[in-house]
Amino acid sequence: MRIVVCGAGKLGYSVAQMLADELYEVVVIESDPKRRDNVQTTLDVLCLEVDCCSPSTFELDDVRNADLLIAATDNDQVNMVTCMLAKKAGIAHTVARIRNVDYAINASNLLNIDMKIDLILNPERITALEINRILMAPSALNVEDFADGRVRMFEAKIRQDSPLINIPLKHLSIPRDILVAMVFRHHRMFIPNGETILDANDNVYFVGRREAIDEFEQSFVNIYEKIEKVMIIGAGRTGRFLAPMLEKNGLSVKVIEKSKERCEFMSSILERGTVLCGDGTDMDLLTEEGAGEADVVVCITEDDKLNLLLALLAKHVGAKKTIVRVARNEYIELMEKVGVDVVLSTRMLSAGEVLRFVRRGGLVSVSFLEGAQGEAMEIIVGAASQVDGKALKDIKFPPECLLCAIVRNGAAYIPNGQTVLEANDRVIFIVKKENASKAIAMFNTKR
């Protein structure tokens, strides 16, 4: 499959890198010399110095013969026009990055139907939805739902006083409908087995029926209690999506933002929340406005380094939990090491949406885990695929790959070695990134 990526900014570069790693044929269009040189020296892709909005660009064989075009420039209008030109040139599928809040909320029909854009990427909205999901499950560091909400995966950090440590998994009293699917220890992920013993400070991923996970979470020993008060520092695009979501979920929301214009806009879209015009790095302001009493402080300014500083300051004055948004993926590990509870990469979340769309076929969803070291996927078993009609014990999955749950006829359950897969089963599995393509191929219908 040939994929054209227009724009080699932060998002475009990440998407091109991810697709190249997946061994797709990638063509990058970039007019900025510095960005173009960076792509040419670091990625195994073809990079063209042309205008993505020019009709003549789509007369080039390397472009018009593409199967998919992803418009990821910094300009919404350029992305929309590029997708329209791509469709006119015969490129079957298009993806556009659209950051404008009004387009995202009020113009979905215009973009999807009139302009025939197959997938709209709004990185800030995607990030806000992810933060909202995590806050609705306060014991978790990460939450993902699969199979229309029938299966849930949640990540939690194991405390030193947890009853789950120092006991082999095969002897733990965990509900049958829940599986310990993955462990992240010392910045390395691995699939556990019955002999695995959980250690304090492990990040553990539990997968199971949503009802079972919800009940298990209530009894899970964790440092966090029910979330009621949330402080958001930064009222940019992500904040504009997030604050109303949290307010609708019944949370008390307080927003701090330096820009007077942004504060006025945020005040106009909140019904009960408080908006303060001030500097989030001001220790006195944080203390006076109750950062220490907040259940969660969410740092979502456009500056990664500032977000880290804000999270550390919030922790210093007593905040129970901190969530930080980053644009640069390389900061994730550093922030986790210094004590930030949850670090979300806008680029990684958006790239996950693109990857799901590109792989589609039987693939329903994909989520990156621990800085993209692993992937959690939901896929439909194809008829006459390698796994159709076989028991799990007889299937040779790639290394570090675990099938966690199956949804059949609307019912979700945890499988065992005797479980036989059937065509149209929805399966949820976790796999190391480097083995993801091999795992997906096993579930696809043979052609």
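Our subject is the structure that appears above.
So, here's what we can say about the structure. (Residues numbered from 1 in each chain as written. Predicted model: local features only at pLDDT ≥ 70, side-chain atom pairs only at ≥ 80, totals over all residues. Heavy atoms only, no water.)

### Quick word on the overall build of the protein chain
Okay, so step 1: Across its full length, the protein chain carries 15 helices and 22 strands.
Okay, so step 2: Across its three principal directions, the C-alpha atoms of the protein chain cover 65 × 60 × 40 Å.
Okay, so step 3: For the protein chain, with 447 residues in total, the buried portion stands at 55%.
Okay, so step 4: Accessible area of the protein chain: about 20,000 Å², with a carbon and sulfur share of 46%.
Okay, so step 5: Between the mean site of the 54 positive side-chain charges and the mean site of the 64 negative ones, the protein chain shows a separation of 3 Å. (Helix = DSSP H or I, 4+ residues; strand = E, 2+ residues; numbered from the N terminus. Buried < 20%, exposed > 50% of the residue type's maximum accessible area, 1.4 Å probe, protein only. Areas by Shrake-Rupley, 256 points an atom, 1.4 Å probe, with all protein chains shown as cover. Lys, Arg positive; Asp, Glu negative; His and termini not counted. Charge placed at Lys NZ, Arg CZ, Asp CG, Glu CD.)

### Observations regarding the packing of aromatic side chains
Okay, so step 1: Across all of its chains, the model carries five aromatic pairs by this definition.
Okay, so step 2: Ring geometry for phenylalanine 429 versus phenylalanine 443: centroids 5.3 Å apart, planes at 15 degrees, classification stacked. Placement of the pair is phenylalanine 429 in strand β22 (residues 426–432) and phenylalanine 443 in helix α15 (residues 436–443), with a sequence separation of 14 residues. Of the two residues, phenylalanine 429 and phenylalanine 443, neither departs from the other in class, the shared state being buried.
Okay, so step 3: An aromatic cluster of at least three residues, connected via ring pairs, comprises Phe154, Phe206 and Phe216. (Phe/Tyr/Trp six-rings, centres within 6.5 Å; stacked < 30°, edge-to-face > 60°.)

### A few points about the sheet that holds strand β7 (residues 142–146)
Okay, so step 1: Pairing in this open sheet of five strands is antiparallel, and the strands run β7-β8-β11-β9-β10 from one edge to the other. Each having just a single partner strand, β7 and β10 (188–190) make up the two edges of the open sheet. In this sheet, neighbouring strand axes are inclined to one another by 20 degrees on average, regardless of whether the strands run parallel or antiparallel.
Okay, so step 2: Where strand β8 (residues 151–157) lies against strand β11 (residues 203–209), seven bridges are found, and the strand directions are antiparallel. (Pairing = 2+ DSSP bridges. Axes fitted to C-alpha atoms, helices over the stretch in contact; angles between N-to-C directions.)

### Some thoughts on the pairing of β11
Okay, so step 1: Among the seven residues of β11, six are classified as buried, and the element is accordingly described as predominantly covered.
Okay, so step 2: Here strand β9 (residues 178–185) pairs with β11 via six bridges, running antiparallel. Considered in β11, the bridge of methionine 182 is made with tyrosine 205.

### Overview of the sheet that holds strand β4 (residues 68–71)
Okay, so step 1: Spatially, β3-β2-β1-β4-β5-β6 is the arrangement adopted by the six strands of the open sheet, whose pairing is parallel. Single-partner strands in this sheet number two, and they are β3 (46–48) and β6 (119–121). Neighbouring strand axes in the sheet, compared pairwise and without regard to direction, differ in orientation by 20 degrees on average.
Okay, so step 2: Sheet analysis places strand β2 (residues 25–29) next to β3, joined by three bridges and oriented parallel. Along β3, the bridge assignment pairs isoleucine 29 with leucine 48.
Okay, so step 3: Seen against the sheet, helix α4 (residues 76–88) touches β1 (2–6), β4 and β5 (93–97) and runs at an angle of roughly 175 degrees to β5. (Contact = heavy atoms within 4.5 Å.)

### Quick look at the nonpolar core
Okay, so step 1: Among the nonpolar cores identified, the biggest contains 51 residues, and Phe429 and Phe443 are the most heavily contacted of them.
Okay, so step 2: At seven residues, the largest contribution of residues to this core is made by helix α1 (residues 10–21).
Okay, so step 3: Once residues within four sequence positions are removed from consideration, phenylalanine 429 is found in contact with Glu375, Ala376, Met377, Ile379, Cys401, Leu402, Leu403, Cys404, Ala439 and Phe443.
Okay, so step 4: Formed by 28 residues, the second largest nonpolar core is a distinct cluster that contains Ala128, Leu135, Ile232 and Val298. (Core = buried A, V, L, I, M, F, W, Y, C linked by side-chain atoms within 4.5 Å.)

### Examining the pattern of salt bridges
Okay, so step 1: Throughout the structure, instances matching the rule amount to 34 salt bridges.
Okay, so step 2: Across the pair arginine 2 and glutamate 25 runs a salt bridge whose closest N-O atoms are separated by 2.9 Å. On the criterion of sequence distance, the pair formed by arginine 2 in strand β1 and glutamate 25 in strand β2 is long-range, its members being 23 residues apart.
Okay, so step 3: Take arginine 2: its relative accessible area is 17%, and that puts it in the buried class.
Okay, so step 4: Classification of glutamate 25 as partly exposed rests on a relative accessible area of 41%. (Salt bridge = Lys/Arg side-chain N within 4 Å of Asp/Glu carboxyl O.)

### Some details on helix α9 (residues 237–248)
Okay, so step 1: For α9, which comprises 12 residues, the first-to-last C-alpha distance of 18 Å matches the rise-based estimate of 16 Å (1.5 Å per residue) to within 8%.
Okay, so step 2: With nine of 12 residues buried, α9 lies mostly within the body of the structure.
Okay, so step 3: All of the buried residues along α9 are Thr238, Gly239, Phe241, Leu242, Ala243, Pro244, Met245, Leu246 and Glu247.
Okay, so step 4: One or two residues past the end of α9 sits glycine 250, with phi positive at roughly 85 degrees. (Expected span 1.5 Å × (residues − 1).)

### Section: the pairing of β7
Okay, so step 1: Most of β7 is tucked away, with four of its five residues classed as buried.
Okay, so step 2: By the bridge criterion, five bridges tie β7 to β8 in an arrangement that is antiparallel. Within β8, the residue paired with glutamate 144 across the bridge is methionine 153.

### Remarks on the environment of leucine 369
Okay, so step 1: Within the secondary structure layout, leucine 369 lies in strand β18 (residues 363–369).
Okay, so step 2: For leucine 369, a relative accessible area of 0% puts it in the buried group.
Okay, so step 3: Between the alpha carbons of leucine 369 and methionine 348 there is a distance of 9.6 Å; along the sequence they are 21 residues apart.
Okay, so step 4: When near neighbours in sequence (up to four residues on either side) are disregarded, leucine 369 contacts Asn142, Met153, Met182, Tyr205, Gly374, Glu375, Ala376 and Ile430.

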